[in-house]
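Residues per chain are reported as follows:
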Amino acid sequence: MTQSLDYLKETASQTAGPYVHIGLAPGAAGFDIYRQELGWDIAGPNARGERIRVEGIVIDGTGSPVKDVLLEAWQANADGIYAHPEGGGEVEEGFRGWGRVITDFATGEWGFDTVKPGCTRGRNVGTQAPHINLWIVARGINIGLNTRLYFEDEAEANAADPVLNLIEWERRRATLIARRTERDGQTVYRFDIRLQGEEETVFFDI
Amino acid sequence: MTKPGEYYQRDRMWHPPAYDKDYKTSVTRSPQYSLISLQNSVSEITGPTFGHNDVDPLDNDLIKNYAQPGQSPIGERIIVHGRVLDENGRPVPNTLVEVWQANAGGRYRHKKDTYLAPIDPNFGGCGRTLTDENGYYFFRTVKPGAYPWRNWVNDWRPAHIHLSIFGHAFAQRLITQMYFEGDPLIATCPIVNTIRDKAAIGQLIAALDKNASVPLDSIAYKFDIVLRGRRSTMFENRLEGN
């Protein structure tokens, strides 16, 4: 006989299902219920740094867009500080660093406006390259998928990033790099997420 | 001297796998490569925080939050309550819990739901609340109905409420579904059965809780939610360059 450990077990995940919008984005489901929905403004009006737009599509194993996805973004501000007691300092008033978006029901396109994050501190030493943490849920996804978006124009920081360097297959690292483009004078980063296939996006067990 | 450290690793044998051929939609939406395991950095041990500016007092009352004045939705009036805990058994205070569900007839208020059961004009089907300082939360609602869905030809979802929970770190983010004690549809549901461990399924089934019922008004179900726990670092582990 040994003593038994008294840890609890984490509640098991279940899919968010096709109607996730009702709970997390009711306006998209087709009705108005809350004073304000959460997650529509990531950076707030006072955020420092470069204003950017991030856009993409989620593609399934048949090559088709997934049209009922909900994504959440979690990022640091331009100084690399997260809006959290352990985030490394103070952030601008109104900077939350968190947002949620849904894909367009017809096209599968998603996008959000934010500021480009700065380098964040590494686990113990050094820094991590600027990145946005993404969490993806949908019908058919049994447990939320975690990935990271890095920026094409941060090649030097990306080359030294401890998480990118953890990915043994160098060619897979490219799946986490958003492509920088310009549209009407605005910076747009394109980040397509592939759930399966040769170019499957790297997903993390965090 | 201890300080809070990393979150315990997720038990991937306890959670459902990404791929399950009997839940057909998962087949083309499940990553085929293994997940890359990360030790927590600041990006994972932090997460969004919410306060009372984000949530209104009526948001957790699904009987009232979409009803016309003086009216209420059709269905069994229920209370769902419980605590959000971590794996160490400690309460998770001030965390956002969001719920959504079908109405008593099994119909969702969603432009993509075409089930022939009617929309209830007095029922929206979503709610949200913050846990209190003891990790306690509650909602008032009507019991959702079972409904058919396209998987095999004759599949029916057991009555369920979807829940989204944040915790205090992005690593704790969780979406799950709560089922009701005694529902015979639980055993045959392909979505429930994506979970391999019977004990993990049992943890998703809320118990009828007559002690918390309001006599002559509402019956209660108790549903505790457990998020990942966190290590207390007694010894430093500072790998060079890590």
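Because the structure is predicted, anything quoted here is derived from the model rather than measured.

Visitor: Explain the pattern of salt bridges to me, please; I cannot follow it from the model alone.
Guide: Note on pairing: side chains with opposite charge can pair once their charged atoms come close. Within this structure, the stated rule accounts for 33 salt bridges over all chains. Its salt-bridge partner being E44 of chain B, residue R148 of chain A comes within 2.8 Å of it at the nearest N-O pair. Here E44 of chain B lies in helix α1 (residues 42-45) and R148 of chain A lies in strand β8 (residues 145-151), a pairing that spans two chains. For R148 of chain A, a relative accessible area of 1% puts it in the buried group. Several salt bridges converge on common partners, so that one network encompasses E50, K116, D153, E154 and R180 of chain A.

Visitor: Just to check I follow, could you spell out the interface of chain A and chain B for this structure?
Guide: Where the parts come together, the accessible area they lose is often given as the size of the interface. Tallying the contact residues gives 79 residues for chain A and 94 residues for chain B. Regarding the contact of chain A and chain B, the summed buried area is about 8000 Å², with carbon and sulfur atoms giving 55% of it. Contact with chain B buries area across many residues of chain A, yet E10, Q14 and R123 of chain A alone supply 12% of it, more than any other trio. Here chain A is connected to chain B by eleven salt bridges.

Visitor: Just checking my understanding: could you explain the environment of Q101 of chain B for this structure?
Guide: All names here are of chain B. Relative to the helices and strands, Q101 resides in strand β4 (residues 96-101). What makes Q101 buried here is its relative accessible area of 1%. For the pair Q101 and T141, spaced 40 residues apart in sequence, the C-alpha to C-alpha distance is 9.5 Å. The residues contacting Q101, other than those within four sequence positions of it, are L62, Y108, F123, G125, T141, V142, K143, P144, H160 and I161. A polar atom in the side chain of Q101 sits 2.8 Å from the side chain of T141. Polar side-chain contacts of Q101 include one of 2.9 Å to the backbone oxygen of V142.

What counts and how
Residues numbered from 1 in each chain as written. Chains lettered and ligands numbered in written order. Predicted model: local features only at pLDDT ≥ 70, side-chain atom pairs only at ≥ 80, totals over all residues. Heavy atoms only, no water. Salt bridge = Lys/Arg side-chain N within 4 Å of Asp/Glu carboxyl O. Helix = DSSP H or I, 4+ residues; strand = E, 2+ residues; numbered from the N terminus. Buried < 20%, exposed > 50% of the residue type's maximum accessible area, 1.4 Å probe, protein only. Contact = heavy atoms within 4.5 Å. Buried area = accessible area lost by both parts, 1.4 Å probe. Polar contact = N/O pair within 3.5 Å; in protein donor to acceptor, adjacent residues only side chain to side chain.

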